[in-house]
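Structure at a glance
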Amino acid sequence: MTMTLLEKLKHAGAARHPVALGDASLTLRLLSEKDYGAAGLAAHLAFADVELTPTSGELYERHLADLLLAQAVLDPETGKPVFESADQLAETLTREQKVFLLDEYLGFERDYSPTRMSDDAFDALLDEVKKTPQTARLNASSTATLKRLVRCLASQLSN
């Protein structure tokens, strides 16, 4: 059976990533543009009457992250969200656990990005950095690529 283009796009969004948080096994799902929009609107409505200050801005960002993570963290056995709401997530997780899950999610999302650098392109960049550490190409590199370069170079130094 041949999939239509729309079915292929929907299938790509069905990707899952297992993650362990202490003794708990969880699954992360890729969020859609609709998921991001719904979370953004919910966060906006929750803060509609709040004066914008550095503190309220930080609280808004935290709430938005809670809304997104509540949608992304699934029970691997049922495939259903672990948390019924962003409030339940915030009441359950420590700050460090939340940061860990956010980092895992963002790395997972980057792995599925159509702009992800291929292994060959990364190897070429790595060789260029070794020969010319001041290469201007680093200025246009994503944070994920720069982290990957640091890890790779550090592991080579330790060997």
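This is a predicted model, so every value here is computed, not measured.

Let's talk about the packing of aromatic side chains
- In this structure the tally under the stated criterion is 2 aromatic pairs.
- When the ring of Phe-47 is compared with that of Tyr-60, the centres are 5.6 Å apart and the planes differ by 85 degrees; the resulting orientation is edge-to-face. Here Tyr-60 lies in helix 3 (residues 54-72) and Phe-47 lies in the loop between helix 2 (33-46) and helix 3, a separation of 13 residues in the sequence.
- Among the residues examined, Tyr-60 registers a relative accessible area of 23% and is labelled partly exposed.

Quick notes on the pattern of salt bridges
- The tally for this structure, following the rule as stated, stands at 3 salt bridges.
- Of the charged contacts in the structure, one is a salt bridge between Arg-62 and Glu-58, with a shortest N-O distance of 2.7 Å. Placement of the pair is Arg-62 and Glu-58 together in helix 3, with a separation of 4 residues, close to one helical turn.

With respect to the packing of helix 2 against helix 3
- Their axes nearest at 9 Å, the elements helix 2 and helix 3 cross at an angle of 140 degrees. Taken together, the axes of helix 2 and helix 3 are oblique relative to one another. When you trace helix 2 past helix 3, the crossing you get is right-handed. On helix 3, the residues touching Asp-35, Tyr-36, Ala-39, Gly-40, Ala-42, Ala-43, His-44 and Ala-46 of helix 2 are Tyr-60, His-63, Leu-64, Leu-67, Leu-68 and Gln-71.
- Considered class by class, the residues forming the contact of helix 2 with helix 3 number 9 nonpolar, 4 polar and 1 charged.

A closer look at the environment of Glu-33
- Among the secondary structure elements, Glu-33 is positioned in helix 2.
- For the pair Glu-33 and Val-50, spaced 17 residues apart in the sequence, the C-alpha separation amounts to 26 Å.

Focus on the sheet that holds strand 2 (residues 24-29)
- Strand order in the open sheet formed by 3 strands is 1-2-3, and the pairing between neighbours is antiparallel. Strand pairing shows two members of the sheet lacking a second neighbour, strand 1 (16-21) and strand 3 (73-74), which therefore form its edges.
- Taken together, the 6 bridges between strand 1 and strand 2 define a ladder with antiparallel strand orientation. Note on strand 2: the bridge partner recorded for Leu-21 is Ala-24.

About the thresholds
- Residues numbered from 1 in each chain as written.
- Predicted model: local features only at pLDDT ≥ 70, side-chain atom pairs only at ≥ 80, totals over all residues.
- Heavy atoms only, no water.
- Phe/Tyr/Trp six-rings, centres within 6.5 Å; stacked < 30°, edge-to-face > 60°.
- Helix = DSSP H or I, 4+ residues; strand = E, 2+ residues; numbered from the N terminus.
- Buried < 20%, exposed > 50% of the residue type's maximum accessible area, 1.4 Å probe, protein only.
- Salt bridge = Lys/Arg side-chain N within 4 Å of Asp/Glu carboxyl O.
- Axes fitted to C-alpha atoms, helices over the stretch in contact; angles between N-to-C directions.
- Parallel < 35°, antiparallel > 145°, perpendicular 65-115°, else oblique.
- Left-handed = near helix turned anticlockwise from the far one by under 90°.
- Contact = heavy atoms within 4.5 Å.
- Nonpolar A, V, L, I, M, F, W, Y, C, P; charged D, E, K, R; others polar.
- Pairing = 2+ DSSP bridges.

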